[in-house]
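The lines below spell out each chain.
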Amino acid sequence: MHAATPHFADVAHTNGYEFTQGTGYALPEYPFVVPPELTQQRIGRHPVVIVGGGITGLTLACGLAKLGVSAVLLDEDNTVGVKGASSRGICYTQKSLEIFQRYGIFDRIAAKGIEWSVGRTFAGQDEVFSFDLKVQSAFNLSRQPAFINIQQFYIEGYLVERIAELNRQRPSVDMRWSSRVVAFEQNAQRALLTVQTPQGNYQIEAEHVIDATGSHTPFHGWVGAELDSKRGDDRWCIADVKFKTTPPTERHTWIEAPFNENRAVWQHLMGDEVWRIDYQMAPNADPAEVSREDVVRERLQRQFGAGVVCDIVWVGPYAYRSQCVRQMRMDRVFFIGDTAKVVSPFGARGGNTGIADADNLAWKLAAVLRNEAPKQLLDTYHDERLEAAQRNVQVTNRTARFLRPTEPAAQVFRRATLALAKKHRFARNMVNTGRMAEANTYSRSPACAGGGVSVQNVSFLWAPHRPGQLNDLIDWADGRMLLLVFGEMSGAELKRLRQLTSQAPMIRVVQVLSKGRAQAKEHVIDDQGHLKQACRATQSQWALIRPDGYLAQTGARLDGELVQRLARSLAMA
């Protein structure tokens, strides 16, 4: 193995930020290792090649490593994050945290990040909207909190470390840093990628290519992808700040901040006691001017008082656009994360969507490559994640229109909403500073007929009375479908299940009891009824849960139709 120092020009920012600058964060650097294609002067062939080592690509790589699927990850940089691009994503949802718990990095995220559930929105000095996610049923069953704030590069670093840990147990994912894809072609036999490295170019073949390179990906052009795109003129400036005296650990939002010329402001606490503050700027604002340290300090003094004592960790302006591909899959190429969609940063729907993209695709690739499901299962990635992408673009565009209304009707609506919200509770739900991200529901997918909702990581008891959680069962299933059977079974039903499991290697069965005698070796105690509640199965005898924690099907009886419904969930029928 040989290491060399990369000699690339500065990597272009691929996350939608503009004019970024600053060196406040120290990022790890990873060595370039000469690949066998260069040392042996040959074209390597791999089942999966992931292009892009951001949070989405690394999540997919970690998911594949956990399932023992061979893959190569190519990243044009030699570090996590984007050099000079601030903290980037900071707010991670319960669904993302549940995924990371399955992947083995949640404890590190929880130790470094900041858990929060309360959000408050102000117009001027008046509080016009608030919420506490801990008391909402959509969040309160899971073992993971509603949200944790942490700088994105930390999660990316934890994923790199976890992949290395998994590789020591079962080598599977080859991480290749300082490796830029400069050419691509595909046909019925294979995809061919040309990779540029500090020690020369080489070519690599792949059965499946996952594009996680970001919003400025070259793959859109290479495969002829069609996109719906819209660029706004809204401008913002991020200040990552460390205070001597910290504000309360809540998400505070001002729609009309008197200390920011009546423009919007976001205020979040992240790891290391660093606060992320986003200031909305004038549409024609000069990026260099608004990000000067003296201008930022003046802005902070207007917000926190002339005596504020703080260190500026990083500062830089950004703009955004909305964009969505029309096809999530183009032959052998799959788009995930920002290559599939770009949304305005309201409600934390960017990185969290990419994490869900990766988790959705990982188990499907594993099932197909293990010959446990037909190749048609991969088509459901498009059905499910395009629906999620389109929904997130729609939701964030509505927020953008509320925060910067440009049309007369939108301006009238905002003024009326804020005026009513200051006096009347009914109007407060119309205040739109970002609908917080949640697990998307799949209503179009043929693999989720009768399901399509995310199942929270709820608690139960292993006999005798040891605490467990749904993710334990998903881990035990090891990339296969988890069939939960509620209550006692007849002799005929037990026989039918034994036949099913012997004939369907993609199914693992667990009996769920609230009381009564266990009839299966694999059984758990759900005396609180949380598993049934999370599966929306109060009137059902069984529920089928996918490896990504989504509900595929429920059924009232263990009858002959069960086999057909299981087959549909794996695109076998």
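Moving on, we get to the overall build of the protein. Scanning the protein for helices and strands turns up 15 helices and 28 strands. At 25 Å, the protein has a C-alpha radius of gyration in line with the 25 Å of a compact globule built from 573 residues. Counting only C-alpha atoms and orienting by the principal axes, one finds that the protein spans roughly 75 × 65 × 45 Å. Looking at the protein residue by residue over its 573 residues, the buried ones come to 58%. Within the protein, residue pairs in contact and separated by at least 24 positions form 73% of the contacts whose partners lie at least 6 positions apart. Here the protein contributes 67 positively and 60 negatively charged side chains, and the mean placements of these two sets differ by 5 Å.

In this section: the packing of aromatic side chains. In total, this model carries 17 aromatic pairs according to the counting rule given. Each ring, one from Trp116 and one from Phe131, has its centre 6.3 Å from the other, and the planes form 50°; the classification is tilted. Taken together, the residues Trp116 in strand 6 (residues 114-116) and Phe131 in strand 8 (residues 126-132) connect sequence positions 15 residues apart. For the pair Trp116 and Phe131, a shared accessibility class is recorded, and that class is buried. Members of the aromatic cluster, connected to one another through ring pairs, are Trp116, Phe129, Phe131 and Phe147. Positioned above the aromatic ring of Tyr279, the side-chain terminus of Arg299 is 5.3 Å from the ring centre. Between Arg508 and the ring centre of Trp476, over which it is positioned, the NZ or CZ distance is 5.2 Å.

For Thr194, the position within the fold is in strand 12 (residues 191-197). Among the polar contacts made by the side chain of Thr194, one reaches the side chain of Gln203 at a distance of 3.3 Å. The residues contacting Thr194, other than those within four sequence positions of it, are Arg180, Val181, Val182, Ala183, Asn201, Tyr202 and Gln203.

Once that is clear, we can look at unusual backbone geometry. Of all residues except glycine, most have a negative phi; of all peptide bonds, most are trans. A positive phi angle is found at Asn262, which is not glycine, with a value near 60°. The topology assignment puts Asn262 in the loop between strand 15 (251-257) and strand 16 (263-269). For Glu273, which is not glycine, the phi dihedral falls at a positive 60°. By secondary structure assignment, the location of Glu273 is in the loop between strand 16 and strand 17 (275-281).

Further remarks concern the confidence of the model for the protein. Low pLDDT marks regions whose predicted coordinates should not be analysed in detail. Averaged over the protein, the pLDDT score is 87; the fraction of residues at 70 or greater is 93%. Below pLDDT 50 for its whole length, residues 1-23 participates in 64 contacts with residues either more than four positions away or in separate chains.

Moving on, we get to the environment of Arg120. Checked against the element boundaries, Arg120 lands in strand 7 (residues 118-123). Classification of Arg120 as partly exposed rests on a relative accessible area of 26%. C-alpha separation for the pair Arg120 and Ser130, spaced 10 residues apart in sequence, amounts to 4.4 Å. Dropping the residues within four chain positions of it, Arg120 is found in contact with Glu127, Phe129, Ser130, Glu250, Arg251, His252 and Thr253.

Attention now moves to the sheet that holds strand 25 (residues 507-513). Spatial ordering of the open sheet is given by 23-22-26-25-24-27-28, a layout of 7 strands whose pairing is mixed. Both outer strands of the open sheet, strand 23 (466-469) and strand 28 (551-555), are each paired with one neighbouring strand and no more. Strand-to-strand, the axes of this sheet are offset by a mean angle of 35°, without reference to chain direction. In the sheet, strand 25 pairs with strand 26 (residues 523-525) via 3 bridges, with the strands oriented parallel. Following the sheet pairing, Gln511 is matched in strand 26 by His523.

What follows deals with the sheet that holds strand 9 (residues 147-149). Adjacent strands of a sheet pair through backbone hydrogen bonds, lying either parallel or antiparallel. In spatial order, the strands read 5-9-6; together these 3 strands make up an open sheet with antiparallel pairing. Looking at the sheet topology across the chains shown, the edges are occupied by strand 5 (91-93) and strand 6. Adjacent strand axes in the sheet meet at a mean angle of 30° when their direction is disregarded. As defined by bridge partners, strand 6 adjoins strand 9 across 3 bridges and the pair is classed as antiparallel. Bridged to Trp116 within strand 9 is Phe147.

Leu193 and Leu483 are the most contacted members of the largest nonpolar core, which has 102 residues in total. The biggest single contributor to this core is helix 9 (residues 351-369), with 9 residues. Look past the residues within four positions of Leu483 in its chain and what remains in contact with it is Leu497, Leu500, Ile507, Arg508, Val509, Val510, Trp542, Ala543, Leu544 and Leu562.

With that settled, the discussion passes to the pattern of salt bridges. A complete count under the given rule lists 33 salt bridges for this structure. Measuring nitrogen to oxygen at the nearest pair gives 3.3 Å for the salt bridge that ties Glu165 to Arg108. Pair noted here: Glu165 is in helix 5 (residues 152-169) and Arg108 is in helix 4 (residues 106-112), with a separation of 57 residues, a long-range link. In this structure Glu165 comes out as partly exposed when scored by relative accessible area, which is 24%. The salt bridge involving Asp548 is made with Arg546; its shortest N-O contact spans 2.7 Å. Of the two residues examined, Asp548 and Arg546, each falls in the buried class. A single network of salt bridges, built from pairs that share partners, joins Arg45, Glu185, Arg190 and Glu205.

Analysis parameters
- Within every chain, residues take consecutive numbers counted from 1 along the sequence as written.
- Only residues with pLDDT of at least 70 get local features here, since the model is predicted, and only at 80 or more are side-chain atom pairs given and counted; chain-wide, interface and lining totals rely on the full set of residues.
- The basis for every side-chain value is the complete set of non-hydrogen atoms in the structure, without hydrogens or water.
- Each helix is a run of H or I in the DSSP string that is no shorter than four residues. Each strand is a run of E no shorter than two, and both are numbered from the N terminus.
- Only the C-alpha atoms count toward the radius of gyration. The rule for a globule is 2.2 Å times the residue count to the power 0.38.
- Each residue's exposure class comes from its accessible area (1.4 Å probe, protein chains only) as a fraction of the maximum for that residue type: buried when under 20%, exposed when over 50%, partly exposed otherwise.
- Note on contacts: a residue pair is in contact if any heavy atoms of the two residues lie within 4.5 Å.
- In this count, Lys and Arg are taken as positive residues and Asp and Glu as negative ones, while His and the chain termini are left out.
- Taken as the charge location is NZ of Lys, CZ of Arg, CG of Asp or CD of Glu.
- Side-chain rings of Phe, Tyr and Trp, where Trp is taken by its six-membered ring, are said to pair if the distance between their centres is within 6.5 Å; with planes under 30 degrees apart they count as stacked, over 60 as edge-to-face, and otherwise as tilted.
- Think of it as a cone above the ring: NZ of Lys or CZ of Arg counts as a charge over the ring if it is within 6 Å of the ring centre and within 35 degrees of the ring normal.
- Two N or O atoms count as a polar contact when they lie within 3.5 Å, although within protein this holds only if one can serve as hydrogen donor and the other as acceptor, and sequence-adjacent residues are included solely when both atoms are side-chain atoms.
- Known as pLDDT, the predictor's per-residue confidence is scaled from 0 to 100.
- By the convention used here, strands pair only if DSSP detects at least 2 bridges between them.
- Lines fitted to the C-alpha atoms define the axes, with helices restricted to the stretch that makes contact. Angles between their N-to-C directions range from 0 to 180 degrees.
- Nonpolar core, defined: a set of buried Ala, Val, Leu, Ile, Met, Phe, Trp, Tyr and Cys residues in which side-chain atoms within 4.5 Å join the residues together.
- We define a salt bridge as a side-chain nitrogen of Lys or Arg found within 4 Å of a carboxyl oxygen belonging to Asp or Glu.

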